[in-house]
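As a plain string of letters, each chain reads:
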Amino acid sequence: MPQVVRSPKPYDVCIIGSGAGGGTAAKILTEGGLNVVMLEAGPPLNPEKDYKEHLWPYDLPHRGIGVGGKLRREINDEFTAPNGAWEIDGEPYTSAPGSRFRWFRSRIVGGRTNHWGRIALRFAPIDFKSRSTDGMGDDWPITYDELAPYYDKVESYIGVFGTKENIPSAPDGIFMPPPPARCTETVVKKACDKLNVLCIPSRMAIITKPLNGRAACHYCGQCDRGCLTASNFSSSQVMIPPAQATGRLTLIPNAMAREIVVGKDGKAHAVSYIDKTTRIEKRVNAKAFVVAASACESARLLLNSKSALFPDGLANSSGAVGRYLTDSVGTSGGGYFPQLEKMPPHNHDGVGGMHMYIPWWKFDRKNDFLRGYHIEMYGGRGMPGVGEFDGVCEEFEGYGLTLKHTCRSMYGTYIGLEGRGEMIPNPQSYCDIDPVTVDQWGIPVLRFHWQWSDNEIKMAKDMQETFRSIVEAAGGIYTTKASPDAPRPYGIADGGVIIHELGTARMGVNPKTSVLNKYCQAHDVRNLFVADAAPFVTNADKNPTLTIMALSWRTSDYLLDQAKKGNL
Ligand SMILES: Cc1cc2nc3c(=O)[nH]c(=O)nc-3n(C[C@H](O)[C@H](O)[C@H](O)COP(=O)(O)OP(=O)(O)OC[C@H]3O[C@@H](n4cnc5c(N)ncnc54)[C@H](O)[C@@H]3O)c2cc1C
Ligand code: SF4
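Residues numbered from 1 in each chain as written. Chains lettered and ligands numbered in written order. Predicted model: local features only at pLDDT ≥ 70, side-chain atom pairs only at ≥ 80, totals over all residues.

This brings us to the overall build of the protein chain. For the protein chain, the helix and strand inventory stands at 12 helices and 18 strands. Since a compact globule built from 568 residues should have a radius of gyration of about 24 Å, the 23 Å found for the protein chain is in line with a globular shape. If you line up the protein chain on its principal axes, its C-alpha atoms span 75 × 55 × 45 Å. When each of the 568 residues of the protein chain is scored for burial, the buried share is 51%. (Helix = DSSP H or I, 4+ residues; strand = E, 2+ residues; numbered from the N terminus. Rg over C-alpha atoms; globule rule 2.2 N^0.38 Å. Buried ≥ 20, exposed ≤ 12 C-beta atoms within 10 Å, placed from the backbone.)

Structure, rendered in structure tokens:
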């Protein structure tokens, strides 16, 4: 049995993971006076070296698309912020027979907040009470009003642009001024107005005015590469630095947590982790633990932390760890607007993402499906990305000057629409520990089970019909062919592909059916908290990260209070 190296220093709190949830907890807990150790499975981030915000294709070894072009059309090409990928060498996951699930993970300080799209939407009051509304799924143990002050805190601190609209399905927040709509977005907005579909300025965690020493966005449009001026939000640039400035954060990078160790008293005492640089197993002790490794990694860690007291995994007396896994319902469509051909060149610069979006607008009527969706949009004439003209070359014959002319006249005439809808948890969608496969450190890996229900398929159908009607109302030609046939009816994305996986250690009032109480504290283990998307009870149509941060801030305030009272 190899020796485990034990850290002599006991910390107040150990946080596992440095992404949206872990970073927020680190800031609040250290500023609140606690000594915190943070274990992060990835290396440190150096934005100056690691972010490729202003590089040209010829600056990169494969012009950005990887060896043999294998990253062409992937979301993680050589330009994008580092260490985020669908597959990580030596760290596999599996899917059960008949299940299709993809898992995008980041291994770097800041986690996937280095890669995310920065769309920052609040859940609506109804999203916390959906079972009371339609009888499906469950209600959260907290209301919108209980979380709203924390949305305020997060938005004020990180900076989110948007406009106040007073739409019930998309609550307003504390916003910076948004950038103006681009040409293609104006075309879509006009079509939406004709169809009575809401279309409003988007809400993104990008600052349009200086904030806390961060410069305002300079509209280079390259947010997915990471932002050297920290004008968009990443945990690595916005949450971790103030925590470090307190002098109370010990950040241990390349530390892969393997197991949370419990004592005879039923409390968590330590975390065993693999030091990835030496492959030696080490252990840190703390009085409380905040698991924020991302929803599925957190479930994996809890399920792998078996003991005599918790034979089915830590804090899992309910059997709910890994269950209730959901992702957003996603399908995409695209259209082409002939009226934009030969448009005189003009400036479409802006943030690295949409300036307008379509919030859920059919909340006041009966639909063919329960819950709702929003629509994101992409297009216009920003800086051409890697593989931008592949589609043109596939569609039009020619080479040389003729092809160049075609590219020029077609560029900026397409618009992409992406639906993001609510999935209701079902018993067939969950993750558990694969009985056979282990990663390169011998840690058992996750196995995903996945099934969409009819409700989600109907929602994807509605999305496709809406995309078509918007494009056609705008005088465009809808080019997507999404058939109702399996395996992906109406183009519905496989589980995990929208990268909004959550619910694997959900909150609830009943310890028999939930893992955490209303403060994201484990029902079974008083000094154990979860601070990522695992506690979510519903996967509303909103992208989850703003809510992860608001919940983590609230959990951290509660933890501080408990620490002061000596209750940990
Ligand atoms: C391309 C892309 C676009 C996205 N766009 C949006 C968007 O527009 N809006 C939105 O709301 N969300 C978006 N998301 C999702 C968003 O990134 C996540 O919801 C968010 O980052 C989750 O935060 P987290 O703290 O739960 O986990 P993460 O950010 O994934 O961080 C988890 C961290 O924990 C570490 N870790 C994992 N396991 C261990 C372990 N065993 N020991 C130690 N450390 C560990 C990881 O290395 C990682 O750094 C997007 C994601 C991607 C990839
Ligand atoms: S568009 Fe703005 S926020 Fe995004 S990378 Fe460029 S400067 Fe940064």
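Across the sheet, which stays open at both edges, the 3 strands sit in the order β4-β16-β15 with mixed pairing between neighbours. Because the sheet does not close on itself, it has two edges, and the strands there are β4 (94–95) and β15 (430–438). This element, helix α8 (residues 295–304), spans β15 and β16 (444–449) of the sheet and lies at about 60° to β15. (Pairing = 2+ DSSP bridges. Contact = placed C-beta atoms within 7 Å. Axes fitted to C-alpha atoms, helices over the stretch in contact; angles between N-to-C directions.)

The pairing of strand β8 (residues 255–262) with strand β9 (residues 268–275) spans 7 bridges and is classified as antiparallel. If you follow alanine 257 over to β9, its bridge partner there is tyrosine 273. In this antiparallel pair of consecutive strands, β8 and β9, the connection spans 5 residues, and glycine 266 shows a positive phi of 80°. With 6 bridges connecting them, β9 and strand β10 (residues 280–291) associate as antiparallel partners. The partner of isoleucine 274 across the bridge, within β10, is glutamate 281.

In this section: helix α1 (residues 20–31). Spanning 12 residues, α1 covers 17 Å between terminal C-alpha atoms, matching the ideal 16 Å at 1.5 Å per step. For α1, the tally of buried residues reaches 11 of 12 residues, placing the bulk of the element in the interior. Every buried residue of α1 is accounted for by Ala20, Gly21, Gly22, Gly23, Thr24, Ala25, Ala26, Lys27, Ile28, Leu29 and Thr30. (Expected span 1.5 Å × (residues − 1).)

Now for the site of ligand 1. Surveying the vicinity of ligand 1 reveals 39 residues, the closest of which are Gly17, Gly19, Gly111, Gly117 and Asp532. At the level of elements, α1, β8, α8 and α12 (545–564) are the ones that each hand at least two residues to the shell around ligand 1. Broken down by class, the residue content of the shell around ligand 1 amounts to 18 nonpolar, 15 polar and 6 charged. (Near = placed C-beta within 6 Å. Nonpolar A, V, L, I, M, F, W, Y, C, P; charged D, E, K, R; others polar.)

Attention now goes to the domain arrangement of the protein chain. Looking at the assigned domains, one finds that the protein chain contains domain 1 (1–45 + 82–158 + 233–327 + 429–451 + 503–568) and domain 2 (161–232 + 329–421 + 453–491). Between the C-alpha centres of domain 1 and domain 2 the distance comes to 31 Å. Counting residues at the interface gives 24 residues for domain 1, matched by 27 residues for domain 2. Looking at the side of domain 1 that touches domain 2, the elements that each hand over two or more residues are α3 (130–134), α4 (144–158) and α6 (235–238). If you tally residues by element for the side of domain 1 that touches domain 2, the top one is α4, at 5 residues. (Domains from an automatic or database assignment.)

Taken in spatial order, the 4 strands of this open sheet run β13-β14-β11-β17, and their pairing is antiparallel. Here the strands that pair on one side only, and so sit at the sheet edges, are β13 (373–379) and β17 (477–478). Sheet analysis places β13 next to strand β14 (residues 414–421), joined by 7 bridges and oriented antiparallel. If you follow methionine 377 over to β14, its bridge partner there is leucine 417. The strands that helix α11 (residues 454–473) touches are β11 (329–336), β13, β14 and β17; relative to β11, the one it contacts most, it runs at about 20°.

We now examine unusual backbone geometry. Here the amide bond leading from alanine 486 into proline 487 is cis, since omega sits at 5°, within 30 degrees of zero. If you trace the backbone, proline 487 turns up in the loop between β17 and β18 (528–530). The phi angle at asparagine 212 is positive, at roughly 45°, despite the residue not being glycine. Judged by local crowding, asparagine 212 falls into the exposed class, with 12 C-beta atoms found within 10 Å.

What follows concerns the site of ligand 2. If you check the shell around ligand 2, you find 15 residues, and the closest are Cys217, Cys220, Cys223, Cys227 and Asn232. Taken together, the residues that form the shell around ligand 2 break down as 7 nonpolar, 7 polar and 1 charged.

Across the interface, α4 lies against α12 with an axial gap of 8 Å and an inter-helix angle of 110°. Between α4 and α12, the angle falls in the class roughly perpendicular. Two secondary-structure elements touch here, α4 through Leu147, Tyr150, Tyr151, Lys153 and Val154 and α12 through Leu546, Met549, Ala550, Leu551, Trp553 and Arg554. Considered class by class, the residues forming the contact of α4 with α12 number 9 nonpolar, no polar and 2 charged. (Parallel < 35°, antiparallel > 145°, perpendicular 65-115°, else oblique.)

Relative to the helices and strands, isoleucine 499 resides in the loop between β17 and β18. In this structure the C-alpha to C-alpha distance between isoleucine 499 and arginine 112, which are 387 residues apart in sequence, comes to 9.6 Å.

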